[in-house]
Amino acid sequence: MEGWMKFLSNHGIRDNDISSLRKLAGDNFDEYAVYPGSLQTAEGTTIFMARHADSKALLAFGGGSLYDELEGEAAEAGGRTVKVCDLSVENNKAVRRAFPFTRPSSHREKNITIGLGDRLGLASPAHIRLIRDYDVFPVLAQQSVRELNLTGRTFDGVLAAASWAVLQEGYTGGFGADGDHLKTHQEVMQALDCGYTMITLDCSEHIDNKAAALSGDELERQYLSLPGELRQSLESRYLGRRFALEDGLTIDFSPEELKKIVLIYHRAIEHTSDIYVNAIKSCGRSIDFELSIDETLTPTTPESHYFVASELDYRGIVITSLAPRFCGEFQKGIDYKGDHAQFVREFDIHCKIAGKFGYKISVHSGSDKFQIFPTVGEKTGGRYHLKTAGTNWLEAVRVIAELRPSLYRKMHTFALSKLEEAKKYYHIGADVKKIPDISSLEDGGLPRLMELDDARQVLHITYGFILQAKKPDGSYIFRDEIYDFLNKHEAEYYKALQKHIGRHLLLLGAKPL
Ligand code: ZN
């Protein structure tokens, strides 16, 4: 018999006494496997989430419109007819309709917002358990189109996973859903249609970094090819002027510098304006609009940042956050690499520009950057957005290395074999020669690989290959075993995530509530 059936069988608590039911579930989780926070009631329907058939299900009883809307199989438990429902997108939509706290919301007024991309769709409950004790707003759904393709997931599915996590934990503090690094109008509309509350527009394909190297006649020729009206308008607004920032800092533009910056960014600004007017502003909901200019090879100069911010402002484009490309290296899943003093100096100027125009600085590839977290917390005055994603997958890998070394060994070997292909998607500096040969490592030494930058990065960027790899008969090589393992070892996975992301919050200066 499933634990939840026992839970419903013989407790003598009235069905509408939710707080007593929650206490019973919480005190006896090992026996019933019913998630206490998920016990909710609306429209005459009582629902809860529980472990069911080695996985999880939504259970509903009591009749009512929500009950009718949910799709599932009827079962008998404790004298009631209970509907056993899959954690599907459709069932999640019904839950989102009935329970507003399970819907994502905008976070414009929140000071600290953290993107917690969950590639497997299993990590969000742990993030909630951690973050509910802090003054931090979590953006639980956060996937780029690249990540969706690499994991074989959809915008709908990612949002549903986050929303189920919110229900599982009974978390009513609000959460966001970020369509991350979207590039086209179509991608933005797709995410908005699914109910996403944040859009991160990636303008990298419209940023012409080659213009930075232009000079003399060629610079002049390209600049003069722009419409005269545009040039005059820009020159009158930027040349011969000095723009004041806090603490006596100023920004000004030499004629040559302005020409270059215009050539680098003007198409990106046009694109942003087009998306803002035709998708964000017209969508009828409050959307957190983030502009990302970080996916470029060269750092964003203060002048460039100021120019972009000022042009957005001039065109009436309201953004919640902007992600510049900072100096140094923000490689995936490892600490910051670069000149720390330079980072502090430049980050401070970026914060002052953002402050002047009223948005937040967004730090991308923000996981594991422990060296610079105190600077992020301090220089932003505790108002920032930070994105993490792959590190949550690496914590899953760490738990696998600890508790199922045989699976880890297979994943590790496979990851190394796919490294060159994976490098097409992600820039990393990993040196495979520095990774110990695992055939000479005892099982007990495997988890320590997750402390080595080179091994971390190899496992970090090959997640898509690992999750999608299939045998000749079409079945998955790793995916099902990974999900099955993490389902069985949920408590260990949650603990690892809470510890790892908790370290982030501490150094970032997030305040406990
Ligand atoms: Zn980015």
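Data block above holds the structure.
Residues numbered from 1 in each chain as written. Predicted model: local features only at pLDDT ≥ 70, side-chain atom pairs only at ≥ 80, totals over all residues. Heavy atoms only, no water.

Caption draft 1: Local environment of the overall build of the protein chain. In terms of helices and strands, the protein chain carries 21 helices and 15 strands. Taking 2.2 N^0.38 as the reference for a compact globule, 513 residues should give roughly 24 Å; the C-alpha atoms of the protein chain span a radius of gyration of 25 Å, in line with that estimate. Across its three principal axes, the protein chain shows a C-alpha extent of roughly 85 × 60 × 45 Å. Each of the 513 residues in the protein chain was classed as buried or not, and the buried ones make up 57%. A separation threshold of at least 6 residues defines the contact pool for the protein chain, and within that pool the share at least 24 residues apart is 71%. Carbon and sulfur atoms make up 49% of the accessible area of the protein chain, which amounts to about 21200 Å² in all. Each charge class in the protein chain can be summarised by its mean position, and for the 62 positive and 72 negative side chains these summaries are 1 Å apart. (Helix = DSSP H or I, 4+ residues; strand = E, 2+ residues; numbered from the N terminus. Rg over C-alpha atoms; globule rule 2.2 N^0.38 Å. Buried < 20%, exposed > 50% of the residue type's maximum accessible area, 1.4 Å probe, protein only. Contact = heavy atoms within 4.5 Å. Areas by Shrake-Rupley, 256 points an atom, 1.4 Å probe, with all protein chains shown as cover. Lys, Arg positive; Asp, Glu negative; His and termini not counted. Charge placed at Lys NZ, Arg CZ, Asp CG, Glu CD.)

Caption draft 2: Summary view of the sheet that holds strand β2 (residues 45-52). Spatially, β1-β2-β3-β5-β4 is the arrangement adopted by the 5 strands of the open sheet, whose pairing is antiparallel. Looking at the sheet topology across the chains shown, the edges are occupied by β1 (40-42) and β4 (73-77). Neighbour-to-neighbour, the strand axes of the sheet open up by a mean angle of 35 degrees, direction not taken into account. Direction of pairing for β2 relative to strand β3 (residues 55-61): antiparallel, over a ladder of 7 bridges. Paired with Arg51 across the two strands is Lys56, which belongs to β3. (Pairing = 2+ DSSP bridges. Axes fitted to C-alpha atoms, helices over the stretch in contact; angles between N-to-C directions.)

Caption draft 3: Inspection of the coordination of the zinc ion at higher detail. Listed as protein donors to the zinc ion are His181 (NE2), Asp294 (OD) and His364 (ND1); their distances from the metal cover 2.1 to 2.2 Å. Between the donor residues of the zinc ion, the gaps in sequence give the motif H-x112-D-x69-H. Placement of the pair is His181 in strand β8 (residues 176-182) and Asp294 in the loop between β12 (288-292) and α13 (302-314), with a sequence separation of 113 residues. No difference in accessibility class separates His181 from Asp294, as the two residues are buried. (Donors = N, O, S within 2.8 Å, 3.2 Å for Na, K, Ca; no water.)

Caption draft 4: Representation of the layout of surface pockets within the structure. Looking at the largest pocket, its volume works out to about 630 Å³. In terms of lining residues, the largest pocket is bounded by 29 residues, among which Leu87, Leu120, Gly121, Leu122 and Ala161 are the most central. For the lining of the largest pocket, the secondary-structure elements that each account for two or more residues are β3, α6 (124-131), α8 (155-169), α20 (479-488) and α21 (490-508). Here the element with the most residues in the lining of the largest pocket is α8; it accounts for 6 residues. (1 Å grid on protein atoms, 1.4 Å probe; cavity = no way out; pocket = protein on both sides within 12 Å on 5 of 7 lines; lining within 4 Å. Points joined across faces, edges and corners; volume = space filled by probe spheres on them.)

Caption draft 5: Structural context of the packing of aromatic side chains. Counted by the stated rule, this structure contains 24 aromatic pairs. With a centroid separation of 5.3 Å and an interplanar angle of 75 degrees, the aromatic rings of Tyr238 and Phe253 are classed as edge-to-face. With Tyr238 in helix α11 (residues 228-238) and Phe253 in the loop between β11 (250-252) and α12 (255-280), this pair connects stretches of sequence that are 15 residues apart. Per residue, the accessibility class of Tyr238 equals that of Phe253, and both read buried. Their ring planes at 45 degrees and their centres at 6.0 Å tell us that Phe330 and Phe343 sit as a pair that is tilted. Residue Phe330 is located in the loop between β13 (321-323) and α14 (340-357), and its partner Phe343 is located in helix α14; the two are separated by 13 residues in the primary sequence. Exposure class is identical for Phe330 and Phe343. Each is buried. Joined through ring pairs, the aromatic side chains of Tyr238, Phe243, Phe253, Tyr306, Phe307 and Phe357 make up one cluster. Its guanidinium or amino end placed over the ring of Tyr463, Arg119 lies 3.9 Å from that ring's centre, counting from NZ or CZ. Just above the ring of Tyr314 sits the side chain of Arg237; from NZ or CZ to the centre is 3.5 Å. (Phe/Tyr/Trp six-rings, centres within 6.5 Å; stacked < 30°, edge-to-face > 60°. Lys NZ or Arg CZ within 6 Å of the ring centre and 35° of its normal.)

Caption draft 6: Region of interest: α11. For α11, the complete set of buried residues consists of Arg231, Leu234, Arg237 and Tyr238. Each buried residue of α11 sits inside an arc of 140 degrees when the element is viewed along its axis, so together they form one side. Seen from the buried face of α11, the exposed residues on the opposite side, beyond 90 degrees, are Glu229, Gln232 and Ser236. Residues of α11 that are buried make contact with α10 (216-224), β10 (242-244), α12 and α13. (Arc of directions from axis to C-beta.)

Caption draft 7: Here's a closer look at helix α9 (residues 185-193). Here α9 has its buried residues at Glu187, Val188, Ala191 and Leu192. On an axial view of α9, the arc spanned by its buried residues comes to 135 degrees, and they lie on one face. Projecting away from the buried face of α9 at angles above 90 degrees are the exposed residues Gln186 and Asp193. On the buried face of α9, the contacting elements are α7 (145-151), α8, β8, β9 (198-202) and α12.

Caption draft 8: View of the pairing of strand β5 (residues 80-85). Of all 6 residues in β5, 5 are buried, a share of seventy percent or more. Two strands pair when backbone bridges link them, and β3 and β5 are joined in this way by 4 bridges, in the antiparallel orientation. Counterpart to Leu58 in the pairing with β5 is Cys85. Strand direction decides the pairing type here: β4 and β5, joined by 5 bridges, are antiparallel. Bridged to Ala77 within β5 is Arg80. As consecutive antiparallel partners, β4 and β5 are separated by 2 residues, and within that stretch Gly78 has a phi angle of approximately 55 degrees, a positive value.

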